[in-house]
Amino acid sequence: MIEIVQSFFRELAQTHPKWNFIFFYEPSQWARFVGGLAVTVELSVACVALSLIIGILGAWAQGAPSPFVRWLTQGYIQLFRNTPPMIQLLFFYFALGQFTPTITGTDGWTEEPVISNIGWAIVSLSFFAGAFNVEIFRAGIEAIPQTTKEACEALGMNRLQTYAYVVLPLALRVSLPALNNNLVNLVKTTTQAIAIAVPELLYQMVSIWNDYASAQNAAMTVLFVSYILLVGALALAMNRWERALRIPGFGGGR
């Protein structure tokens, strides 16, 4: 079956030179395509998970009794929400990256930074999306009736217990539609990691395009379809999660 597919794309490149899907029949180029796709998925999963953690912790910190904690949280939100993600990415990698320690590489003599370019991309994009997630969770928390929180206090629950066991699960149901949009946007924003040479899908497809000019149309088409599938899979998972957590009569549920 694999040989048939490879033969088809090889013949297509010969009959239609402008549509050279070389990464589907050339083993080395296929490895580059698969490697780039794997890095994109890894980057997306890590950023989604970390941004959710940041959003949950940030929303809890916004209601902290300490004015300093609330001020610090608000400062973080304004900083990352009001600056372009590309600028943040370049700042983390080129500015802060100069102050990170290095370790000896596997060859025994070269020095490698503790945080790689992929690591900085995860940190930067997670903080960017996390700032929006904080506000999304805050809006969900404000939708919870005050009487619910008072009932928790009457039962002897402290602030952390009230947030973890009652407020957050209810707020999550209200926040999911907006959260869905932000996480989809985050997956698309991972393409900006090409600016610091992260070998994700866009980087690899552009590299193939540069090496084989005849692969331009094919590379950009496959890239477009790949992101439709990636984002579609995330949106489908989020929609199913939203339906699974729906409570009739609460948060728009039926």
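## What to know about the overall build of the chain
When helices and strands are tallied, the chain shows 9 helices and 2 strands. Element order for the chain, N to C, with α for helix and β for strand: α-α-α-α-β-β-α-α-α-α-α. Over its C-alpha atoms the chain spans a radius of gyration of 23 Å, topping by over 25% the 18 Å that the globule rule assigns to 254 residues. Across the 254 residues that make up the chain, the buried fraction comes to 39%. Taking as baseline every contact in the chain between residues at least 6 positions apart, the subset at least 24 positions apart corresponds to 72%. Of the roughly 13,900 Å² of accessible surface on the chain, a fraction of 67% belongs to carbon and sulfur atoms.

## Let's talk about a nonpolar patch on the surface
The grouping of Phe68, Val69, Trp71 and Leu72 at the surface amounts to a nonpolar patch, some 450 Å² of accessible area in total. By the secondary structure assignment, Phe68 is in helix 3 (residues 67–81). For Phe68, a relative accessible area of 55% corresponds to the exposed category.

## Topic: the packing of aromatic side chains
Each aromatic ring pair is characterised by the separation of its centres together with the angle its planes make. The tally for this structure, following the rule as stated, stands at 18 aromatic pairs. Measuring from ring centre to ring centre gives 6.4 Å for Trp19 and Phe21, while their planes differ by 20°; the resulting arrangement is stacked. Accessibility expressed as a relative area gives 35% for Trp19, which makes it partly exposed. Seen in terms of ring centroids, Phe92 and Trp120 are 5.9 Å apart; in terms of plane orientation they differ by 40°. Their pairing is tilted.

What counts as what
Residues numbered from 1 in each chain as written. Predicted model: local features only at pLDDT ≥ 70, side-chain atom pairs only at ≥ 80, totals over all residues. Heavy atoms only, no water. Helix = DSSP H or I, 4+ residues; strand = E, 2+ residues; numbered from the N terminus. Rg over C-alpha atoms; globule rule 2.2 N^0.38 Å. Buried < 20%, exposed > 50% of the residue type's maximum accessible area, 1.4 Å probe, protein only. Contact = heavy atoms within 4.5 Å. Areas by Shrake-Rupley, 256 points an atom, 1.4 Å probe, with all protein chains shown as cover. Patch = residues over 30% accessible without salt bridge, like charges linked within 9 Å, V, L, I, M, F, W, Y side chains within 5 Å. Salt bridge = Lys/Arg side-chain N within 4 Å of Asp/Glu carboxyl O. Phe/Tyr/Trp six-rings, centres within 6.5 Å; stacked < 30°, edge-to-face > 60°.

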